[in-house]
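Observations on the model geometry
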Amino acid sequence: MPFDPNALLIDFAIVSLLLVVGQFIRAKVKFIQSLFLPASVIAGVIALILGPQFLDILPFSDSVSSYANLLVAMLFATLFLGRTEFVSPKKVLSSVGDTFLNNMLAEFSQFGVALLFGLVVFGVLFPSLNDAFALLLPAGWAGGYGYATAIGGVLETYGFTDATTVGLTMATAGMFTGILGGLLMINIGTRMGVTNFVKKMSAVPQEMRTGLIAPENQKPMGMNTTNAGAIDPLAWHLALVLIATGIGYYANAYLKVLIPGVDVPLMCLSMLAGVVIQFIMRMAKMDHYVDKEVIGRIGSGVTDYMVVFGIGTIRIEAVIQYAIPLLLLILLGFAFCCFFLWVIGPRSFHNNWFERSIFVWGWATGNVAMGVTLLRIVDPDFESGALDDYGLAYILIAFIEIALVSLVPVFVGSGFVWQTTLVLLAISAALFVLMKVGGFWHKAVLREKKAE
């Protein structure tokens, strides 16, 4: 179908229908419930099967594959809009140093180890493979669909034409590895007696299985910060997100003309635009009328659509072409996450190491939502403190993560692969040293003694 405004409407209407169908399947099919698959992943698989890659039944427009890159720019625009708090690095380290250092070590070392694997192993086995190929393991695992799309889009500007498809494939593989592998690890953990709050898998709440929250447990998703007689609160927040995204788009286009040959990632510019807008709102004493919860819900909703469009437009011929390297990366990712769970976790967390480590497993294979899902299984009432500590640590992590995701694909795409790899590994080593020097490394105690 040729692209026009009507085609845009139909594309999003089709994906909306698929999301509803995906949620219906999640709510009604017991087997799917046991896998804890998000409705967006179910919808994406349906879009892939019924779309132009296979049966070609869905009347998508010719531009459907371009939506994911634009939606990820919207997602990044939401990251700092509505943030009113600032926590110093010193306070983060003193309050939740183990959580901050463990999560940062997991992310930096996943990037570094993957790139090193690509240079050493792929360089011998597949010399014709793009040097940036292995970067798409952490892009899809530690980064999830958003970063896989963003990093893939950047690498495509440097000539790696299949980067986004490979990244989305890795993100999908990471999602399944996170769910199935996470459930396996929890089963092992409960049998070993290292879980502190549940002793068997049957304790998972029903709403975690179906994805539907019972009426008595439903809560508001945000605050009405504006009077609907002036502007609807949702329209107000959506407008701010779209403004930041639009500024990012025009800044990207302007910089291409100003600095030929340099492509500053659209996601980064949209995020920076969001920071500037939030600063302006603060200067105008209107920052308290931007609700972070509503902005977060917009970002989360954008992510659902992005995942469906992303999976639905994966190029199957590229997946087949890279089948063996992809499989090797999946095995590497699984081994890396197992090492972090069973070796690093019990030695770096001050308490409830398994609960905290399974949360890291979740986001290191997919996204934070996956981490929360797995954590909720072993810690139904969030008594471990893992989520609260991560929330505080993430205020600092977010800035570092954005720099990591924005700069690494640019340097790797520009040909500085070895240099980037060594820097990432050096930072990982420094984080490990900081763990030991700061007193966040200790002898592993798998079964913790609980005070009576």
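These notes cover the structure that comes with them.

1. With respect to the packing of aromatic side chains
Scanning the entire structure with this criterion turns up 20 aromatic pairs. Both rings, one in Phe80 and one in Phe399, keep their centres 4.8 Å apart while their planes meet at 35°; by these two values the pair is tilted. Here Phe80 is found in the loop between helix 4 (67–77) and helix 5 (89–125), whereas its partner Phe399 is found in helix 17 (residues 386–413), with 319 residues between them in sequence. The class for Phe80 is buried, based on a relative accessible area of 7%. Exposure remark for Phe399: the relative accessible area of 48% places this residue in the partly exposed category. Between Phe359 and Tyr390, the aromatic rings sit 4.9 Å apart at their centres with planes inclined by 65°, giving edge-to-face as the arrangement. Of this pair, Phe359 sits in helix 15 (residues 353–365) while Tyr390 sits in helix 17; the two residues are 31 residues apart in sequence, bridging distant segments of the chain. The same class applies to Phe359 and to Tyr390, which are both buried. A network of ring pairs unites the aromatic residues Phe117, Phe122, Phe126, Phe133, Phe160 and Tyr322 as a single cluster.

2. Describing the environment of Leu137
Considering the arrangement of structural elements, one finds Leu137 in helix 6 (residues 136–140). Residue Leu137 is classed as buried on the basis of its relative accessible area, which comes to 2%. Considering only alpha carbons, one finds Leu137 and Ile243, 106 residues apart in sequence, at a separation of 32 Å. What Leu137 contacts, discounting residues up to four positions off in sequence, is Gln110, Ala114, Ala142, Met170, Leu329, Leu332 and Gly333.

Rules used throughout
- Residues numbered from 1 in each chain as written.
- Predicted model: local features only at pLDDT ≥ 70, side-chain atom pairs only at ≥ 80, totals over all residues.
- Heavy atoms only, no water.
- Phe/Tyr/Trp six-rings, centres within 6.5 Å; stacked < 30°, edge-to-face > 60°.
- Helix = DSSP H or I, 4+ residues; strand = E, 2+ residues; numbered from the N terminus.
- Buried < 20%, exposed > 50% of the residue type's maximum accessible area, 1.4 Å probe, protein only.
- Contact = heavy atoms within 4.5 Å.

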